[in-house]
Amino acid sequence: MSIDKFVTLESTAVPLPIENVDTDQIIPARFLKATTREGFGENLFRDWRFDKTNQPKPDFVLNNPIYTGSILVGGKNFGSGSSREHAAWAIHDFGFKVVISSFFADIFKNNALNNGLLPVQVSDAFLSALFHIIENDPSTLVRVDLKEQTVTISATGKSEHFDINPYKKECLINGYDDIDYLLSLKEKIAHFEASRN
């Protein structure tokens with residue numbers, strides 16, 4: 001399963017200023033019946049997006065047409081709770097390429113990276129500034145540069161560095177999953193084997 005290559009992204013963003021968003025809120029357990037990654041986006045934040053009659057709740061941010069883009073900005077401690085990989089699948093399938101927060105649950109962070117979704121962890125202060133400017137101007141562009149490991153608010157130039165595992169960074173930049181990465185080393189492995197004979 002190859003993933004989409006990621007180098008840079010400049011996009012508007014969707015603000016979700018809720019702390020402690022857990023994986024059951026991201027994708028409720030009753031929707032975990034499929035075994036492939038496709039189709040989970042339609043049930044992203046299902047119980048927050050729709051009422052009991054399956055009508056969209058107008059006060060939920062994903063139902064507000066003024067907020068669009070490929071970047072989801074979440075509150076602190078995003079992706080807590082169970083280890084379901086489906087949470088990352090649902091966010092990616094909905095169309096988000098990046099999730100920004102000031103803290104991610106470790107298992108969610110790894111699941112995201114394994115599925116082509118970039119989790120960008122920033123300081124509380126930068127996150128607060130990001131929420132403020134997006135809510136005041138939904139057309140605000142945010143630029144995420146994976147090579148430089150920076151996230152920048154384009155309108156102000158305010159920027160912050162983020163950390164990422166070097167192996168996962170290389171995989172995202174090249175569109176590799178773990179098997180693709182091993183295959184990319186095929187010639188080096190063959191050369192090493194030949195040198196030992």
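A quick note: this is a predicted structure, and the numbers were derived from the prediction, not measured.

J.: Even after reading the chapter, I still don't get the sheet that holds strand β8 (residues 159-161), so can you show me in this structure?
T.: One key point about sheets: their strands pair by backbone hydrogen bonds, in either a parallel or an antiparallel sense. The sheet built from four strands is open, its strands ordered β1-β6-β7-β8 with antiparallel pairing. The two strands at the open ends of the sheet, each matched to only one other strand, are β1 (8-11) and β8. For this sheet, the mean inter-axis angle between neighbouring strands, taken without regard to orientation, is 10°. Taken together, the three bridges between strand β7 (residues 150-153) and β8 define a ladder with antiparallel strand orientation. Opposite threonine 150, over in β8, you have histidine 161 as the bridge partner. Taken strand by strand, helix α5 (residues 124-136) contacts β6 (142-145), β7 and β8, and its axis lies near 35° from that of β7.

J.: Before we go on, may I ask you to explain the pattern of salt bridges in this structure?
T.: Between side chains of opposite charge, pairing is possible as soon as their charged atoms come close. Summed over all chains, the structure comprises four salt bridges. Of the charged contacts in the structure, one is a salt bridge between aspartate 4 and lysine 97, with a shortest N-O distance of 3.7 Å. Within this pair, whereas aspartate 4 is found in the segment before β1, its partner lysine 97 is found in the loop between α3 (86-94) and β4 (98-101), the two being separated by 93 residues in sequence. Classification of aspartate 4 as partly exposed rests on a relative accessible area of 45%. Salt-bridge contacts for arginine 84 lead to aspartate 24; the nearest nitrogen and oxygen are separated by 3.0 Å. Of the two residues, arginine 84 is situated in the loop between β3 (71-74) and α3 and aspartate 24 in helix α1 (residues 23-26); the sequence distance between them amounts to 60 residues.

J.: Whenever I open this one, the sheet that holds strand β2 (residues 13-16) confuses me. Can you help?
T.: Judged by pairing direction, the sheet is parallel, and its four strands sit side by side in the order β2-β3-β4-β5 without closing on themselves. In this open sheet, the two edge strands, each paired with only one partner strand, are β2 and β5 (118-121). In this sheet, adjacent strand axes meet at a mean angle of 20° when their direction is disregarded. The pairing of β2 with β3 spans four bridges and is classified as parallel. By the bridge assignment, valine 14 is partnered in β3 with leucine 72.

J.: Whenever I open this one, the nonpolar core confuses me. Can you help?
T.: Burial of nonpolar side chains together is a common tendency in soluble globular proteins. If you look at the biggest cluster of nonpolar residues, it comprises 53 residues, and the most contacted ones within it are Phe45, Phe78, Ile100, Phe108 and Leu118. The residues contacting leucine 118, other than those within four sequence positions of it, are Phe6, Lys97, Val98, Val99, Leu113, Val144, Leu146, Phe162, Ile164 and Leu172.

J.: So what exactly am I meant to see when it comes to the pairing of β6 here?
T.: On a regular strand, one side chain projects to one face of the sheet and the next to the other, so that they alternate. Both β1 and β6 contribute to a ladder of four bridges, which runs antiparallel. In the sheet register, threonine 8 faces β6, and the bridge partner there is aspartate 145. Where β6 meets β7, four bridges bridge the pair, whose relative direction is antiparallel. Bridge assignment links arginine 143 to a residue of β7, and that residue is threonine 152.

J.: Would you take a moment to explain the environment of phenylalanine 96 for this structure?
T.: If you trace the backbone, phenylalanine 96 turns up in the loop between α3 and β4. Residue classification places phenylalanine 96 among the buried positions, given a relative accessible area of 1%. Here phenylalanine 96 is in contact with Val14, Leu44, Leu62, Gly69, Ser70, Ile71, Leu72, Ile91 and Leu117, once residues within four sequence places are set aside.

About the cut-offs
Residues numbered from 1 in each chain as written. Predicted model: local features only at pLDDT ≥ 70, side-chain atom pairs only at ≥ 80, totals over all residues. Heavy atoms only, no water. Pairing = 2+ DSSP bridges. Helix = DSSP H or I, 4+ residues; strand = E, 2+ residues; numbered from the N terminus. Axes fitted to C-alpha atoms, helices over the stretch in contact; angles between N-to-C directions. Contact = heavy atoms within 4.5 Å. Salt bridge = Lys/Arg side-chain N within 4 Å of Asp/Glu carboxyl O. Buried < 20%, exposed > 50% of the residue type's maximum accessible area, 1.4 Å probe, protein only. Core = buried A, V, L, I, M, F, W, Y, C linked by side-chain atoms within 4.5 Å.

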